[in-house]
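# What the coordinates show
Given next are the chains, with one letter for each unit.
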Amino acid sequence: MHPTVRKAVFPLAGHGTRFLPMTKSSPKEMLPVIDKPVVQYVVEEAVAAGIEQMVMVTGRGKRAIEDHFDISYELEDVLQKKNKTAVLTELRRITNLAQILYLRQKEALGLGHAVLCAELAVGDEPFAVALGDEILDGPKSGLAQLMEVYREFGAPVIGMQRVPLSEVSHYGIVAGTEIRKGLYRVDGLVEKPRIEDAPSDFAIIGRYLLTPDVFGILRTQAPGVGGEIQLTDALKTLAKNRPVYALEIEGDRFDTGDKMGFLKATVRFALNRPDLSGEFFHFLRETLERETLRQSAGEGVHAVRPVQG
Ligand code: G1P
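Quick summary incoming for the structure in this document. (Residues numbered from 1 in each chain as written. Predicted model: local features only at pLDDT ≥ 70, side-chain atom pairs only at ≥ 80, totals over all residues. Heavy atoms only, no water.)

### Topic: the nonpolar core
Rules: What we call a nonpolar core is a set of buried Ala, Val, Leu, Ile, Met, Phe, Trp, Tyr and Cys residues that are connected through their side-chain atoms within 4.5 Å. Burial classes: relative accessible area under 20% of the type maximum marks a residue as buried, over 50% as exposed, and values in between as partly exposed (1.4 Å probe, protein chains only). The contact rule is simple, with two residues in contact once any of their heavy atoms fall within 4.5 Å.
Membership of the largest hydrophobic core comes to 45 residues, with the highest contact counts inside it found for Phe10, Ile51, Met54 and Ile135. Among residues more than four places away in sequence, those in contact with isoleucine 51 are Val5, Arg6, Lys7, Ala8, Ala46, Ala128, Leu143 and Met147. Formed by 32 residues, the second largest nonpolar core is a distinct cluster that contains Phe127, Val186, Leu189 and Leu231.

See below:
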């Protein structure tokens, strides 16, 4: 039996520069998709994978995340007096989701450095890593899919998805040998390659299941692309020492730290919600019909550009 994965590390110290000015005083992980902050979706994904302890690696300006998962006695008192039982139950569910430990990454030295900051909290155990601004919509928790592979092989597993070739330079890219449908053994990894250097169109998404031997590599990892200590570089070394797997994750991924990703996530999750989908669907259809008419009459204020990729 392989040791159980009980902990997940959430690197949350990033500045969210792609979403300024909104993220000047409010963490990007606290942007709401409908009525929940993005980070709550990721924590719920981890809980659905059986993970009990969350290690949040935060930085300056991220206090709102701690408050979100904490008890608010005053608020609960008010809701109780007003008999708002449903919302009160929901707030209590959130505070009881998991045990959460908060650590600070004092300097934003890269994703690899953020993971290394969690070493003391993780100890000598396998652990998951989940980026707090990427959310998945699918039939099964992304981390649960990685967990199944970990249970089988007892080895590190990286979550990946295909991306258009034009986007490979935004991601860590996987070179691998397929061992069965959707599952690859990692032969190499490149962080943010140029198109001509990319070994495939399989991009690392923000989900990993790792073993504690990665910490030893991270401790001496030299800065890579962008002058940052890259997790991808450490995993490339790890894959030379032991088998590392990469799994094609099922489900649609939304990068909510990006404006377009955030908009798409909002539409998708609203359409998934039984209490909102009916009216919202009609609104979308009407808006699209009106916009289509305006465009065809040459009145479109903002010409709709064709979708790339
Ligand atoms: C990080 C990782 C990269 C991965 C990406 C997924 O990059 O370094 O390998 O593909 O997350 O979103 P970042 O987006 O933090 O630059």
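### Thoughts on the site of the ligand
As a reminder of what qualifies: Think of it this way: one heavy atom of a residue within 4 Å of a molecule or strand is enough to make that residue near it. In protein, a polar contact requires one atom able to donate a hydrogen and another able to accept it; more generally it is a pair of N or O atoms within 3.5 Å, and residues adjacent in sequence count only if both atoms are side-chain atoms. Reported accessibility uses the Shrake-Rupley method at a 1.4 Å probe radius. Residues are deemed covered only where the shown protein chains occlude them.
Near the ligand the following residues occur: Leu111, Leu131, Glu134, Tyr171, Gly172, Glu191, Lys192, Ile204, Gln230, Thr232 and Arg253. Take glutamate 134: an N or O atom from its side chain is 2.5 Å from an oxygen atom of the ligand. Within the contact set of the ligand, an oxygen atom lies 2.7 Å away from a side-chain nitrogen or oxygen of lysine 192. Here the ligand, which alone exposes 370 Å², has 77% of that area covered by the protein.

### A word on the packing of helix 10 (residues 259–272) against helix 11 (residues 277–296)
Think of two packed helices as two axes; the pair is described by the angle between the axes and how far apart they sit. Basically, it comes down to this: Angular values range over 0 to 180 degrees, each being the angle between N-to-C directions of two axes fitted as lines to C-alpha atoms, with helices fitted over their stretch in contact. Only runs of H or I of at least four residues qualify as helices and only runs of E of at least two qualify as strands under DSSP, and these elements are numbered from the N terminus. Should an angle lie under 35 degrees it is considered roughly parallel, over 145 roughly antiparallel, and from 65 to 115 roughly perpendicular; all remaining angles are considered oblique. Residue polarity is assigned by list, with Asp, Glu, Lys and Arg as charged and Ala, Val, Leu, Ile, Met, Phe, Trp, Tyr, Cys and Pro as nonpolar; anything else, Gly included, falls into the polar class.
The geometry of helix 10 relative to helix 11 is characterised by a closest axis approach of 7 Å and an angle of 135° between their N-to-C directions. By the criterion of interaxial angle, the relationship of helix 10 to helix 11 is oblique. Across the interface between the two elements, Val267, Ala270 and Leu271 of helix 10 pack against Ser277, Phe280, Phe281 and Leu284 of helix 11. Here the residues of the contact of helix 10 with helix 11 sort into six nonpolar, one polar and no charged.

### A short note on the side chain of histidine 113
Mapping histidine 113 onto the fold places it in helix 5 (residues 111–117). At 2.9 Å, the side chain of histidine 113 forms a polar contact with the side chain of glutamine 105. Each residue touching histidine 113, except ones within four places of it in the same chain, is listed here: Gln105, Glu107 and Ile229.

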